[in-house]
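Reading the structure
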Amino acid sequence: MTMMRSVSRTRTRLLAPVGLLVAAGLGTALLHGHSGSAAGRPAMSLVADSARLSSPSASATPTTPATPSAGTPSAQAGPSAPDSPAAPASPSAPATPAAPAPAPPSAPAADADLRSAVAQADGAVSVSVSVTDLTTGQSLDYGAAGHTFATASIVKVDILATLLLQAQDKGSTLTAAQQGLATAMIENSDNDSATALWDDIGQGAGLDAADRRFGLTATTGGADEYWGLTATTAADQAQLLRQVFTGDSILSADSRSYLRTLLDQVESDQRWGVSAAATGGEYAVKDGWLPRSDTGLWVINSIGTVQRNGHELLIAVVSDGNASESDGISLVQSVARAAAGSLGS
């Protein structure tokens, strides 16, 4: 059954989430999600297949997506170079040596606060963080090395990025129906909308093809309808954020702007997570939370961008094995703050 809720259009930054659970078949996972409606939003029709459960698991031609309508969605859970020989140098005048290229900023080490924050993840809990300071160029990855995490609803950012890339490839724009679904999926984290767009992109195969082009090397789309069980790492999610929030992207400027606008309007009770690292009110975030039916333990994830002491940071924190939703949120927020501090921003 779908629960209707009004969409908050305020810019209030609340850090308290509301989890809404729905069962996800095959005994794999329990998925939660919201569906929302907002006055003034263009009407859209969506036929839901009740037998289908929504749960997860080069350049392109620029497009100009229509400006999204107001609203908010909940969660379920390329480089190369060659050369040729040069002609012999003339003995008359020695060539001026080229100035050495500036060294890239060195990667900072995890400081005591970050090590302590990650150490909260004991027993069955695993957590990993990736943070990049776009102002200085420094980045840091820390946590459960080699461990992949279920995305839960943070994959909704990847689904929309894939849809936009596919539209660019065709030289087209999103349809009105797709725009309505995208708004509900991102702003309200509506699961039925995510399932509809997951089908539009070609499910896991479509996501995987786009992710290779985005530079995600450790992300694999969920099987069939189980998009929330897509496997990923914090480093891959940080790379996805670069595609959305920087010009070093194969997404067009219009596509990036469209996606950022929706992320900036996520409803107020879904604005926790990496937003805890912000020192002001400027941030954009997408969260994911998923209780696993086989263990009862929680996947809690958060990705986004924050402004911190005049610096713009991209942060992705992923975790699993949390005893409760609130424990996972506390862990993710603590790790996000500490990781931002480790960069000195």
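Just so it is clear, the structure is predicted and the values come from calculations on it, not from any experiment.

Here the focus is the environment of Thr217. Within the element layout of this structure, Thr217 appears in the loop between α5 (203-214) and β8 (231-232). Taking the C-alpha atoms as reference points, Thr217 and Ala235, 18 residues apart in sequence, are found 9.3 Å from one another. In this view, Thr217 contacts Arg212 and Asp236; residues no more than four positions away in its chain are not counted.

This paragraph deals with the sheet that holds strand β5 (residues 126-133). Spatial strand order, β6-β5-β11-β10-β9: 5 strands in an open sheet with antiparallel pairing. Of all strands in the sheet, those bounded by a partner on one side alone are β6 (139-143) and β9 (283-291). Recorded for the sheet is a direction-independent mean angle of 5° between the axes of neighbouring strands. Pairing of β5 with strand β11 (residues 311-322) involves 8 bridges; the strand directions are antiparallel. For Ser126, the partnering residue across the bridge sits in β11 and is Asp320.

Here we take up the packing of helix α2 (residues 155-170) against helix α7 (residues 253-263). Each pair of packed helices can be summarised by the angle the axes make with each other and by the distance between the axes. Interhelical geometry of α2 versus α7 gives an angle of 155° and a closest axis separation of 10 Å. For the element pair α2 / α7, the angle class is roughly antiparallel. Here α2 and α7 pass one another in a crossing that is right-handed. Across from Val157, Leu160, Ala161, Leu164 and Gln168 in α2, the residues of α7 making contact are Ser255, Tyr258, Leu259, Leu262 and Leu263.

Moving on, we come to the nonpolar core. Soluble globular proteins tend to bury their nonpolar side chains together. Core analysis: the largest hydrophobic core is formed by 42 residues, its most contacted members being Ile159, Leu160, Phe214, Leu259 and Leu263. Secondary-structure elements contributing two or more residues to this core are α2, α3 (176-187), α4 (191-200), α5, α6 (234-245), α7 and β11. Of the residues forming this core, the biggest block, 9 residues, is contributed by α2. With 32 residues, the next largest nonpolar core counts Leu114, Val125, Val274 and Val285 among its residues.

Another point: the confidence of the model for the chain. The pLDDT averaged across the chain works out to 77; a share of 68% of its residues lies at or above 70. Confidence drops under a pLDDT of 50 for residues 1-104, and excluding neighbours within four residues, the segment shows 266 contacts in the predicted structure.

As a further point, take the pairing of β6. A regular strand places its side chains on the two faces of the sheet in alternate fashion. Where β5 and β6 come together, 5 bridges link them in antiparallel fashion. Paired with Val129 across the strands is Tyr142, a residue of β6. Counting the residues between successive antiparallel strands, the hairpin from β5 to β6 contains 5 residues, one of them, Gly137, with a positive phi of roughly 85°.

Quick look at α7 now. For α7, the set of buried residues is Ser255, Arg256, Tyr258, Leu259, Leu262 and Leu263. An end-on view of α7 places all buried positions within 160° of arc, on one side of the element. Residues of α7 that are buried sit in contact with α2, α3, α6 and β9.

A positive phi is found at Ala152, a non-glycine position, where the angle reads about 50°. Along the chain, Ala152 turns up in the loop between β7 (149-150) and α2. At Asn309, a residue that is not glycine, the phi angle is positive and equals roughly 50°.

Attention now goes to the pattern of salt bridges. A pair can form between side chains of opposite charge whenever their charged atoms are brought close. Summed over the entire model, instances satisfying the criterion amount to 1 salt bridge. As a salt-bridge pair, Arg213 and Asp169 come within 2.8 Å of each other at their nearest N and O atoms. Here the residue Arg213 occupies a position in helix α5, and Asp169 occupies one in helix α2, the gap between them amounting to 44 residues. The class for Arg213 is partly exposed, based on a relative accessible area of 34%. Given the relative accessible area of 40%, Asp169 is considered partly exposed.

What counts as what
Residues numbered from 1 in each chain as written. Predicted model: local features only at pLDDT ≥ 70, side-chain atom pairs only at ≥ 80, totals over all residues. Heavy atoms only, no water. Helix = DSSP H or I, 4+ residues; strand = E, 2+ residues; numbered from the N terminus. Contact = heavy atoms within 4.5 Å. Pairing = 2+ DSSP bridges. Axes fitted to C-alpha atoms, helices over the stretch in contact; angles between N-to-C directions. Parallel < 35°, antiparallel > 145°, perpendicular 65-115°, else oblique. Left-handed = near helix turned anticlockwise from the far one by under 90°. Core = buried A, V, L, I, M, F, W, Y, C linked by side-chain atoms within 4.5 Å. Buried < 20%, exposed > 50% of the residue type's maximum accessible area, 1.4 Å probe, protein only. pLDDT = per-residue confidence, 0-100. Arc of directions from axis to C-beta. Salt bridge = Lys/Arg side-chain N within 4 Å of Asp/Glu carboxyl O.

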